[in-house]
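Residues per chain are reported as follows:
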Amino acid sequence: EAGVAQSPRYKIIEKRQSVAFWCNPISGHATLYWYQQILGQGPKLLIQFQNNGVVDDSQLPKDRFSAERLKGVDSTLKIQPAKLEDSAVYLCASSSRSNIRDKAFFGQGTRLTVV
Amino acid sequence: AQSVAQPEDQVNVAEGNPLTVKCTYSVSGNPYLFWYVQYPNRGLQFLLKYITGDNLVKGSYGFEAEFNKSQTSFHLKKPSALVSDSALYFCAVRDTGGAAGNKLTFGGGTRVLVKP
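Residues numbered from 1 in each chain as written. Chains lettered and ligands numbered in written order. Predicted model: local features only at pLDDT ≥ 70, side-chain atom pairs only at ≥ 80, totals over all residues. Heavy atoms only, no water.

J.: Hey, could you run me through the overall build of chain A in this one?
T.: From N to C terminus, chain A includes zero helices and 11 strands. Computed over the C-alpha atoms, the radius of gyration of chain A is 13 Å, within 12% of the 13 Å expected from 2.2 N^0.38 for a compact globule of 115 residues. The dimensions of chain A, computed from C-alpha atoms along their principal axes, are 40 × 25 × 25 Å. For chain A, with 115 residues in total, the buried portion stands at 45%. Sequence-distant contacts in chain A: of pairs separated by 6 or more residues, those separated by 24 or more amount to 53%. (Helix = DSSP H or I, 4+ residues; strand = E, 2+ residues; numbered from the N terminus. Rg over C-alpha atoms; globule rule 2.2 N^0.38 Å. Buried < 20%, exposed > 50% of the residue type's maximum accessible area, 1.4 Å probe, protein only. Contact = heavy atoms within 4.5 Å.)

J.: Help me out: how do you make sense of the interface of chain A and chain B in this one?
T.: At the interface, 29 residues of chain A touch 23 residues of chain B. For the pair chain A and chain B, the summed buried surface comes to about 1900 Å²; carbon and sulfur atoms form 49% of the total. Linking chain A to chain B there are zero salt bridges. Across the chain A-chain B interface, the total number found is six residue pairs in polar contact (both at pLDDT 80 or more). Only β4 (31-37), β5 (44-50) and β9 (88-95) of chain A provide two or more residues apiece to the side of chain A that touches chain B. With four residues, the top contributor of residues to the side of chain A that touches chain B is β4(A). Tallied by class, residues from the side of chain A that touches chain B come to nine nonpolar, 13 polar and seven charged. (Buried area = accessible area lost by both parts, 1.4 Å probe. Salt bridge = Lys/Arg side-chain N within 4 Å of Asp/Glu carboxyl O. Polar contact = N/O pair within 3.5 Å; in protein donor to acceptor, adjacent residues only side chain to side chain. Nonpolar A, V, L, I, M, F, W, Y, C, P; charged D, E, K, R; others polar.)

J.: I'm lost on the pattern of salt bridges in this one. Help?
T.: Taken as a whole, this structure holds five salt bridges over all chains when the rule is applied. Across the pair Arg64(A) and Asp86(A) runs a salt bridge whose closest N-O atoms are separated by 2.5 Å. Of the two residues, Arg64(A) sits in the loop between β6 (53-56) and β7 (65-68) while Asp86(A) sits in the loop between β8 (75-79) and β9, which places them 22 residues apart along the sequence. Under the relative-accessibility criterion, Arg64(A) is labelled buried at 11%. Put simply, Lys77(B) and Glu66(B) hold a salt bridge, and the shortest N to O gap is 3.4 Å. With a gap of 11 residues between them, Lys77(B) in strand β9 (residues 73-78) and Glu66(B) in strand β8 (residues 64-68) connect regions that are remote in the sequence.

J.: Help me understand the side chain of Gln2(B), please; the structure alone is not making it clear to me.
T.: Residue and element names in this part refer to chain B. Position of Gln2 among the secondary structure elements: in the segment before β1 (3-5). A polar side-chain atom of Gln2 sits 3.1 Å from the main-chain carbonyl oxygen of Val93. There is a polar contact of 2.8 Å between the side chain of Gln2 and the side chain of Thr105.

J.: Before we go on, may I ask you to explain the nonpolar core in this structure?
T.: Soluble globular proteins tend to pack their nonpolar side chains together in the buried interior. The biggest cluster of nonpolar side chains holds 27 residues, and the ones touching the most others in it are Leu19(B), Trp35(B), Leu47(B), Leu48(B), Phe74(B), Leu76(B) and Tyr89(B). Listed by contribution, the elements that provide at least two residues to this core are β2 (10-14), β3 (19-21), β5 (31-38), β6 (44-50), β8, β9, β10 (87-95) and β12 (110-115) of chain B. Excluding anything up to four places from it in sequence, Leu48(B) contacts Leu33(B), Phe34(B), Trp35(B), Val57(B), Lys58(B), Gly59(B), Phe63(B), Glu64(B), Ala65(B), Phe74(B) and Leu76(B). Within the second largest apolar cluster, 21 residues are counted, among which are Trp34(A), Leu60(A), Phe65(A) and Ala82(A). (Core = buried A, V, L, I, M, F, W, Y, C linked by side-chain atoms within 4.5 Å.)

J.: Can you walk me through the state of the cysteines in this structure?
T.: Each disulfide consists of one covalent bond between the sulfur atoms belonging to two cysteines. In total, this model carries two disulfides over all chains according to the counting rule given. The disulfide partner of Cys23(A) is Cys92(A), and the gap between their sulfur atoms is 1.9 Å. Disulfide Cys23(A)-Cys92(A): torsion about the S-S bond near -70°, hence left-handed. One end of the pair, Cys23(A), is in strand β3 (residues 19-24); the other, Cys92(A), is in strand β9, and 69 residues separate them in sequence. When its relative accessible area of 0% is taken as the criterion, Cys23(A) is described as buried. Taking relative accessible area as the criterion, Cys92(A) reaches 0% and is therefore assigned buried. At a sulfur-sulfur separation of 2.0 Å, the disulfide partner of Cys23(B) is Cys91(B). Classification of the bridge connecting Cys23(B) and Cys91(B) rests on its S-S torsion, roughly -65°, and on that basis the disulfide is left-handed. Taken together, the residues span a long stretch of sequence, with Cys23(B) in the loop between β3 and β4 (24-26) and Cys91(B) in strand β10 at a distance of 68 residues. Take Cys23(B) and Cys91(B): they sit in the same class, and that class is buried. (Disulfide = S-S within 2.5 Å.)

Structure follows, in structure tokens:
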């Protein structure tokens, strides 16, 4: 089966600019996650969707980050305005159901550099 | 709140020697535990998981992990390490209790370096 697709792979922007990332999960996967992975750290969950509803966004900096999942399939994560500390790899993952036994499949990530 | 700790930032091992990567967790209910591996410029790849049953779980590429409820640990092991096992390893947990739902929480990662 096709994996989780993310684009772009790399993005360099200046601080205070805006940026958007796109994720296409594995077909049929109801749960979609966005993680932020800062260099040298483990992935931190930003937001989790179940179909097109938000399950958890407790660690999403809502003053600058937003995410949506239209029609319960593709998702976009936006940062506006970006700060230097937003430099990280943004990982999208999906799993097949709300069953918490299911493993998550990860995309290759988008590496964001804010200068 | 659920959490995962990986106490070692880096583990160095000679090729052919046994490899252990440590992980401890904290949850309010019962844990579902996972190990993932990350190679440079790649996404995370699933290695194995513990849900219920046998405390020794076998996974991909010859890796296994042992669940120890009393010590709240889930250490990753490989009897004979290969140079190609050099990568970043992440332990993760889902909490079956409380309001954590389906949230998957990761540890900080352990870099494994296998020397020839």
